Amino acid sequence: MAAPKKSVVVKESGQEKANGSPPEFTKAQELAALRDMLLIRRFEEKAGQLYGMGAIGGFCHLYIGQEAVVVGMQMALKQGDQVITGYRDHGHMLACGMDAKGVMAELTGRRGGYSKGKGGSMHMFSMEKNFYGGHGIVGAQVSLGTGLAFANRYRGNDNVALAYFGDGAANQGQVYESFNMAELWKLPVVYVIENNRYAMGTSVSRASAQSDFSKRGASFNIPGKQVDGMDVRAVKAAADEAVAWCRAGNGPFILEMQTYRYRGHSMSDPAKYRTRDEVEKVRHESDPIEQVRNRLLAAKVGEDELKKIDAEVREIVNASADFAQRDPEPDPSELWTDIYR
């Protein structure tokens, strides 16, 4: 099987977008994507509120603006495929089907959280949903995701691992050790680089000698593709191609998702390295949720139906916030559980 040709890219509305329109979604796919992205958006907005109220401590990295990436990728997976990511992870958990109450309760450090209130924002895990974290060390998840793919090959199944990381983590040394191993052993892993332009606060143009992250695997013969990460349809189409490549035994694939985060790197970041006008321009021209909403309205889906979906999502998020503030904190004895002695 020949490596797929890389798409030509052009500038469009402040984002790079592959030539040609992505395959159209059915109405059911559009509605499902809208709901899933709204759940992430409303959850993150609520998490930001709770952080401001002091109900969430420690670090908190929000995914607002990047929702199309994980939602589109999940649409290409099957039962048994695995997901691992870094610390901007709440959206990935929700997209994997993890319960909003358990995620929010972990953010507030309560017993009902996915890590019993001991892990916080960056350290959650669900074997049931094949979600392997949530990792606080920059780039650590890339080698672990490669290990998941190695386990799949060793066991002889056809599962594929997705390893998400950002443009900042893409400069870590362990990333390239993982690329080399994955290509040598033809491991079924899709490396999803979420390029939100600013890493922890430095523009890609100032921090990366090669800013086309889809080419980062070239010296290892790993095919790569740039994708409009603000269009869930483009993400899903690229995910279908990459996952099929890996599942067929061809080895790893790199997807650079060109996306944008509306908030700072974390809740403590004022994001003074970019202008407010830049953020508003992306919101106005490329917002992933508004793109889907506008297409549905153009297809004669009623405004009331869309408002109903948003209301249902807000109800789920509000219930998760209520639970996360009422649930008891862990018993002090929990300090001695789940540790090596």
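In this text, all values refer to a predicted model and were calculated from it rather than measured experimentally.

## Some remarks on the UniProt feature "domain: Dehydrogenase E1 component" (unreviewed entry) in the protein chain
So, point 1. What UniProt calls "domain: Dehydrogenase E1 component" (unreviewed entry) maps, in this numbering, to residues 36-332.
So, point 2. For residues 36-332, helix accounts for 45% and strand for 9%, while the C-alpha atoms at its two ends are 36 Å apart.

## Considering helix H2 (residues 67-74)
An α-helical segment advances 3.6 residues per turn. Residues three or four places apart therefore align on the same side.
So, point 1. For H2, the tally of buried residues reaches eight of eight residues, placing the bulk of the element in the interior.
So, point 2. Within H2, burial applies to Glu67, Ala68, Val69, Val70, Val71, Gly72, Met73 and Gln74.

## Overview of the environment of Gln174
So, point 1. Note that Gln174 resides in helix H6 (residues 173-184).
So, point 2. With a relative accessible area of 25%, Gln174 lands in the partly exposed category.
So, point 3. Sequence separation of Gln174 and Ala140 is 34 residues, and the distance between their C-alpha atoms is 7.6 Å.
So, point 4. For Gln174, the contacting residues outside a window of four places in its chain are Val138, Gly139, Ala140 and Ser143.

## Some details on the packing of helix H4 (residues 100-107) against helix H11 (residues 303-326)
So, point 1. At a minimum axis distance of 8 Å, the contact between H4 and H11 shows a crossing angle of 40°. Classified by the interaxial angle, the pair formed by H4 and H11 is oblique. Between H4 and H11 lies a crossing of right-handed hand. Residues Ala100, Lys101, Met104 and Ala105 of H4 lie in contact with H11, whose contacting residues are Ile316, Ala319, Ser320, Ala321, Phe323 and Ala324.

## As for the pairing of strand S7 (residues 253-258)
So, point 1. The buried count for S7 comes to six of six residues, which makes it a mostly enclosed element.
So, point 2. Pairing between strand S5 (residues 189-195) and S7: six bridges, direction parallel. For Ile193, the partnering residue across the bridge sits in S7 and is Glu256.
So, point 3. Sheet topology note: the strand S6 (residues 224-228)/S7 ladder contains five bridges and is parallel. Along S7, the bridge assignment pairs Gln226 with Glu256.
So, point 4. The parallel pair S6 and S7, bridged by helix H8 (residues 232-247), forms a crossover whose chirality is right-handed.

Thresholds, definitions, all that
- Residues numbered from 1 in each chain as written.
- Predicted model: local features only at pLDDT ≥ 70, side-chain atom pairs only at ≥ 80, totals over all residues.
- Heavy atoms only, no water.
- UniProt positions renumbered as here; feature names shortened; annotations may be inferred.
- Helix = DSSP H or I, 4+ residues; strand = E, 2+ residues; numbered from the N terminus.
- Buried < 20%, exposed > 50% of the residue type's maximum accessible area, 1.4 Å probe, protein only.
- Contact = heavy atoms within 4.5 Å.
- Axes fitted to C-alpha atoms, helices over the stretch in contact; angles between N-to-C directions.
- Parallel < 35°, antiparallel > 145°, perpendicular 65-115°, else oblique.
- Left-handed = near helix turned anticlockwise from the far one by under 90°.
- Pairing = 2+ DSSP bridges.
- Right-handed = clockwise from strand over helix to strand, strands pointing away.

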